[in-house]
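# Chains, contacts and geometry: an overview
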Amino acid sequence: MCKQLKVGPRDSLQPVLSAILQIPLIAVFEISKQQKNMANAQQAKLSTAFYYLNDNFYCENSPVHQIENELEKTSGCDDDDDDRSATPLYIYSQAQLHRNIQSYKDAIQSAGMSGRMHIFYAVKANPNLHLMELVRKQNCGAVTVSGYELKAALNTGFVPEMILLNGNGKQMWEIRLALKNGCMLNVDSYFDAENIISVARQLQKTARVLIRVNPGLEQSSTPVHSYLSTALKNSKFGIPLHQFDQVLELLRAEHFIQVVGLHCHVGSTIRDAFIYSDVTRILLDIRQKLITQGYAHLKYLDIGGGLGIDYYHGTNQEQSPLSSTGELIQAIASLLPPDVEVIIEPGRSLVANTGILVTKVLGSKKSPDGGKNFVVVDAAMNDLIRPSFYQAYHHVLPVRKSISSEGTYDIVGPICESGDFLAVDRRLAQEPVKGDLMAIMDIGAYGMAMASNYNMRARAAEVLVDGNSWKIIRRRENFESLVRTMTAD
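Residues numbered from 1 in each chain as written. Predicted model: local features only at pLDDT ≥ 70, side-chain atom pairs only at ≥ 80, totals over all residues. Heavy atoms only, no water.

### Quick notes on the overall build of the chain
If you tally the helices and strands in the chain, you get 14 helices and 22 strands. For the chain, the share of sequence-separated contacts (at least 6 apart) that also reach a separation of at least 24 residues comes to 71%. When the accessible surface of the chain is totalled, it reaches about 22000 Å², and 51% of it is carbon and sulfur. (Helix = DSSP H or I, 4+ residues; strand = E, 2+ residues; numbered from the N terminus. Contact = heavy atoms within 4.5 Å. Areas by Shrake-Rupley, 256 points an atom, 1.4 Å probe, with all protein chains shown as cover.)

As structure tokens, this is what we get:
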């Protein structure tokens, strides 16, 4: 039986999290010196942590197929329902994460905004504690949207004053947790303001809040999937402009409320930096009106996150242009008066391209009319739901190149749903055959974060690569872990 980490009562969460972050879940694995030297030379030429060397796919200096092979050898599971397979498997690059954060820092410095622009990591993108710890060590803040995300941020060492609790349906215990620890909160609605006031009075503590504005944009102004738009006229998020004065009146009358800023998040997978310019102008206009009404503590403008990445890896010109981190920062910085500090909330653009999902080909089949070539793999929509949910594109690459003919395939999983696919009508450079490993790219954001146990499938393991070594940062689930919460204590 696989050993499981036992978690005690809630009050013991801190030592448990500390133990998770300090002790690798397995011994660190390293590749050979020769492979390391070759990979180092290749890495020096590249701007990404994922690349081919001698037809083998690497993450940093570690061959992906060797990571998968070592995991199968060391799984330590001998249950009848577990075949010791290492896949599906999430693999992350520590170097790529550092590189992405540094790109924001460099852009902030180039724009002359050092000390006035703050990176708050959007925890919902990927809440793995080990990745959060790496982000925190880069002096970033955190944006959380649930009480447990807030607990995770606190227990991985984020400075409480640099944690923001967002959300359109915050529960009383979540508000209480934020206020007890000195975190900021977004006010999302009239009832949300009432709840924050109620808890602040109970605790006799001042709540530092930002007011989330819903500017009522048209769909055409944020050309992304409708599920990813969060500032439209009919969005559930934020305070519509016609209700703004009503909420302000409530907040203004409360001694335990200090309005420290304004917030607006327009959506995700944004490709044009000018959208952020528009948001900044809207918030600055509202801020100026509030200052004339006596609001003296409006320190922050939070313009949200959502900057897109190149999921197509340059293969789809219709998806261009794609704004860079630098363009985003410049678009904001040029508009700001000197007494304003800005919060940005990157999630996807920090972690998406740090991760891949490795899956194994189980077999192939054709549709009855011959119009479809199905490649059935062991990863599924429960591991990566974005293609099914958003019709999102993720690039697919072979882990080991071979001489083969091109073809068009649907890459599908074993789940009992017609919507269980990872790619549709995808042109691949080589024919996938049984036993091949494939890499689904750019799953570091909203991959494991949105994973589920549908069809009672165990969620996959996660591995973090650091140069020529790697370690497991989340164990693969098994049947025992799936049913544990169904049994009496």
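### Concerning the packing of helix 4 (residues 94-110) against helix 11 (residues 325-333)
The N-to-C vectors of helix 4 and helix 11 enclose an angle of 35°; their axes lie 9 Å apart at closest approach. When the axes of helix 4 and helix 11 are compared, the crossing they make is right-handed. Residues S103, Y104, A107, I108 and S110 of helix 4 pack against T325, G326, L328, I329 and Q330 of helix 11. By residue class, the composition of the contact of helix 4 with helix 11 is five nonpolar, five polar and no charged. (Axes fitted to C-alpha atoms, helices over the stretch in contact; angles between N-to-C directions. Left-handed = near helix turned anticlockwise from the far one by under 90°. Nonpolar A, V, L, I, M, F, W, Y, C, P; charged D, E, K, R; others polar.)

### Thoughts on the UniProt feature "active site" (unreviewed entry) in the chain
Those places that UniProt annotates as "active site" (unreviewed entry) correspond, in this numbering, to C416. By relative accessible area, C416 is classed as exposed at 66%. Setting aside chain neighbours within four positions, we find C416 in contact with Y454 and N455. (UniProt positions renumbered as here; feature names shortened; annotations may be inferred. Buried < 20%, exposed > 50% of the residue type's maximum accessible area, 1.4 Å probe, protein only.)

### A word on the sheet that holds strand 3 (residues 56-59)
Read from one edge to the other, the open sheet built from three strands follows the order 2-3-4, with strand pairing classed as antiparallel. Across the chains shown, the open sheet's two edge strands, defined by having one partner strand only, are strand 2 (50-53) and strand 4 (62-63). Pairing of strand 3 with strand 4 involves two bridges; the strand directions are antiparallel. Pairing of Y58 across the sheet is with P63, part of strand 4. (Pairing = 2+ DSSP bridges.)

### Side note on a nonpolar patch on the surface
A contiguous nonpolar patch, built from M456, F479 and M486 and spanning about 350 Å² of accessible area, is present on the exposed surface. Here M486 is to be found in the segment after helix 14 (479-483). For M486, a relative accessible area of 62% puts it in the exposed group. (Patch = residues over 30% accessible without salt bridge, like charges linked within 9 Å, V, L, I, M, F, W, Y side chains within 5 Å. Salt bridge = Lys/Arg side-chain N within 4 Å of Asp/Glu carboxyl O.)

### Topic: unusual backbone geometry
Excluding glycine, a negative phi dihedral is what most residues carry, and trans is how most peptide bonds are arranged. With omega at -5°, the peptide bond leading from T87 into P88 counts as cis. Looking at the element boundaries, P88 is found in the loop between helix 3 (64-73) and strand 5 (89-93). Of note in this structure, E60 is not a glycine but carries a positive phi near 55°. Summarising the element assignment, E60 is placed in the loop between strand 3 and strand 4.

### Concerning the pattern of salt bridges
Taken as a whole, this structure holds 17 salt bridges when the rule is applied. With its nearest N and O atoms 2.7 Å apart, the salt bridge here joins K372 to D425. Remark: D425 occurs in strand 19 (residues 421-428) and K372 occurs in the loop between strand 15 (355-366) and strand 16 (373-377); sequence separation between them is 53 residues. For K372, a relative accessible area of 23% corresponds to the partly exposed category. A single network of salt bridges, built from pairs that share partners, joins E68, E72 and K360.

### Remarks on the side chain of H118
For H118, the location among the structural elements is in strand 6 (residues 117-122). H118 gets classed as buried once you look at its relative accessible area, which sits at 17%. In this structure the side chain of H118 is engaged in a polar contact, spanning 2.6 Å, whose partner is the side chain of E341. Ignoring any residue separated from it by four or fewer positions in sequence, one finds H118 in contact with M162, Y300, E341, V342, I343 and I344. (Polar contact = N/O pair within 3.5 Å; in protein donor to acceptor, adjacent residues only side chain to side chain.)

### Let's talk about the side chain of S349
Of note, S349 is situated in helix 12 (residues 348-351). What makes S349 buried here is its relative accessible area of 13%. Side-chain polar atoms of S349 contact the side chain of Y104, separated by 2.7 Å. When sequence neighbours within four positions are dropped, the list of residues in contact with S349 reads N100, Y104, L307 and I309.

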